[in-house]
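Okay, here's what each chain looks like letter by letter:
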Amino acid sequence: MTFENTLEFAKKLDASDALASYRNEFHYPQVNGKDVIYFTGNSLGLQPKRTQKFVDEVMKDWRELAVEGHFYADKPWWDYHERLAEGLGKVVGAKPKEISVMNTLTVNLHLLMVSFYRPTEKRFKIICEEKAFPSDQYMLQSQVRYHGLNPEDAIVEVKKRDGEHAWRTGDIIQKINEVGDELALVLMGGVNYYNGQVLDMKAITKAGKDVGAFVGWDLAHGVGNIKLNLHDWGADFAAWCSYKYMNSGPGNASGVFVHEKHLGKEDIPRFEGWWGTKKETRFLMRPEFDPIETADAWQLSNPPILSIAPYLASLEIFDEVGMDALIKKQKTIVAYLEYVLHEIDKEVDSSFEIITPADRGCQLSVFLHGEGKSIFDYLMKKGVITDWREPNVIRLAPAPLYCSYEDMYRFGQILKEGIQGK
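Since the model is a prediction, treat every value here as computed from it, not as a measurement. (Residues numbered from 1 in each chain as written. Predicted model: local features only at pLDDT ≥ 70, side-chain atom pairs only at ≥ 80, totals over all residues. Heavy atoms only, no water.)

## Considering the UniProt feature "binding site: pyridoxal 5'-phosphate" (unreviewed entry) in the chain
Part 1 of the argument: Cross-referencing UniProt, the feature "binding site: pyridoxal 5'-phosphate" (unreviewed entry) maps to Leu105, Thr106, Phe133, Pro134, Ser135, Asp136, Asp218, His221, Tyr243, Trp274 and Asn302 in the present numbering. Spatial dispersion of the annotated residues is evident: they stretch over 198 residues in sequence, and the largest pairwise C-alpha distance comes to 31.4 Å.
Part 2 of the argument: Here Pro134 lies in helix 6 (residues 134–146).
Part 3 of the argument: Residue classification places Pro134 among the partly exposed positions, given a relative accessible area of 29%.
Part 4 of the argument: Along the chain, the position of Trp274 falls in the loop between strand 10 (254–258) and helix 11 (279–282).
Part 5 of the argument: Setting aside residues no more than four positions away along its own chain, Trp274 makes contact with Arg282, Phe283, Met285 and Leu300. (UniProt positions renumbered as here; feature names shortened; annotations may be inferred. Helix = DSSP H or I, 4+ residues; strand = E, 2+ residues; numbered from the N terminus. Buried < 20%, exposed > 50% of the residue type's maximum accessible area, 1.4 Å probe, protein only. Contact = heavy atoms within 4.5 Å.)

## Details of the environment of Trp298
Part 1 of the argument: Following the sequence through the fold, Trp298 ends up in the loop between helix 11 and helix 12 (305–321).
Part 2 of the argument: Along the sequence, Trp298 and Ala184 sit 114 residues apart, while their C-alpha atoms lie 21 Å from each other.
Part 3 of the argument: Discounting residues that sit within four places of it in the chain, Trp298 has contacts with Met102, Leu111, Leu112, Ser115, Val258, His262, Leu263, Ile268 and Arg270.

## A word on the packing of aromatic side chains
Part 1 of the argument: Throughout the structure, instances matching the rule amount to 19 aromatic pairs.
Part 2 of the argument: Both rings, one in Phe3 and one in Phe9, keep their centres 6.2 Å apart while their planes meet at 75°; by these two values the pair is edge-to-face.
Part 3 of the argument: The exposure class of Phe3 is buried, given its relative accessible area of 15%.
Part 4 of the argument: With a relative accessible area of 7%, Phe9 lands in the buried category.
Part 5 of the argument: Its end group placed over the ring of Trp298, Arg270 keeps NZ or CZ at 4.6 Å from the ring centre.
Part 6 of the argument: The residue whose ring lies beneath Lys279 is Trp78, and the NZ or CZ to ring-centre distance is 4.9 Å. (Phe/Tyr/Trp six-rings, centres within 6.5 Å; stacked < 30°, edge-to-face > 60°. Lys NZ or Arg CZ within 6 Å of the ring centre and 35° of its normal.)

## Description of unusual backbone geometry
Part 1 of the argument: Going from Glu390 to Pro391, the amide bond is cis rather than trans, its omega being 5°.
Part 2 of the argument: Mapped onto the secondary structure, Pro391 falls in the loop between strand 14 (387–389) and strand 15 (393–396).
Part 3 of the argument: Phi at Ala66 takes a positive value of approximately 50°, unusual for a residue other than glycine.
Part 4 of the argument: Of note, Ala66 is situated in the loop between helix 2 (51–65) and helix 3 (69–72).
Part 5 of the argument: Residue Ala66 is classed as partly exposed on the basis of its relative accessible area, which comes to 40%.
Part 6 of the argument: Phi at Asn103 is positive, roughly 50°, even though this residue is not glycine.
Part 7 of the argument: Turning to its location among the elements, Asn103 is positioned in the loop between strand 4 (99–102) and helix 5 (105–116).
Part 8 of the argument: When its relative accessible area of 29% is taken as the criterion, Asn103 is described as partly exposed.

## Side note on the packing of helix 14 (residues 373–381) against helix 15 (residues 405–420)
Part 1 of the argument: The interhelical angle for the contact between helix 14 and helix 15, taken along N-to-C directions, is 130°, at an axis separation of 10 Å. One way to sum up the angle between helix 14 and helix 15 is to call them oblique. The two elements helix 14 and helix 15 meet at a crossing, and its hand is right-handed. Residues Ile375, Tyr378 and Leu379 of helix 14 lie in contact with helix 15, whose contacting residues are Phe411, Ile414, Leu415, Glu417, Gly418 and Ile419.
Part 2 of the argument: Class assignment for the residues of the contact of helix 14 with helix 15 results in seven nonpolar, one polar and one charged. (Axes fitted to C-alpha atoms, helices over the stretch in contact; angles between N-to-C directions. Parallel < 35°, antiparallel > 145°, perpendicular 65-115°, else oblique. Left-handed = near helix turned anticlockwise from the far one by under 90°. Nonpolar A, V, L, I, M, F, W, Y, C, P; charged D, E, K, R; others polar.)

Structure, rendered in structure tokens:
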């Protein structure tokens, strides 16, 4: 498609957008009396309007049924989380039994590490990407120390090449093969939070499995954003938050994937709790743990219903739209944003360097050479909600469910005004 940096062309794209009506499904903050241009769905998604109905339903059941809501609510609470498994399976490429919703992301990664980081005297190393999201770094370091190991010896970071902003798949696989028999686990962010790069998870998973390691993925920036096939790729496990592209609300429940080859095993190392036992025997209060033969065996306590209700509301939208349609628009709107940035670059003294490679989802990370944080402040005052990272990077994530092509055009004009008017 040949793009044009004009309002007329942007409106023409919106008129032919099959997902345009879903923009009306969301609430937008207002700045200067207008809906914002929202680029931070990679941090916190907008609130779907239908969320209120799902939360109100739980509040009504709690008010009118109290404890009986566990079994007699329209959506009984004791199996409420199970309603998300099928829809999430479509989003991440998994079987429903491989999915559970519980806790929050780093909590779930710690729980999964109990099962999938089993260091021995010989095989004890973990491969991750350099400068992984800080929570992942802290989690890995604390897990290694818990096993009496030194993080400097056990954690191997794959670095980018000098002068490059993205990882090369070949370098990651080479590092996996180099560590070889000492490698216990590969655990990386499937989509990097800083540069927006989508790693070749299929190839990396295969390489890790080929040397006998477990392979897991932090998909905080991947779920609801890119095409995933966790089951077919053979990943052992994955975890993700739900409040970014999945629009479930601040800090809400996390999802996990455990490959079916690990399900139904009583001898797998695992921290266990009451809600991981089979429903048929749970209320017999037996002292022996009787694991559910699904990923729900990793649950500890009864699920936080008020946290899961918004997730179910948003997932309903994803089920209506489908990931293929979502990704089709994602590719076009990100390409249009990239085009607009290049066009504005020709009209201003500053220069823009897009550090996100072609393997990407919604996000473009852009070095604004010649600009400081004042341009970010200007954008925010003008109703463009974006994300600033030192030294001079803005992260732009036009989520296809609620961002329009006109948003991309208007952002370009505001950015130009901010630079020229400084």
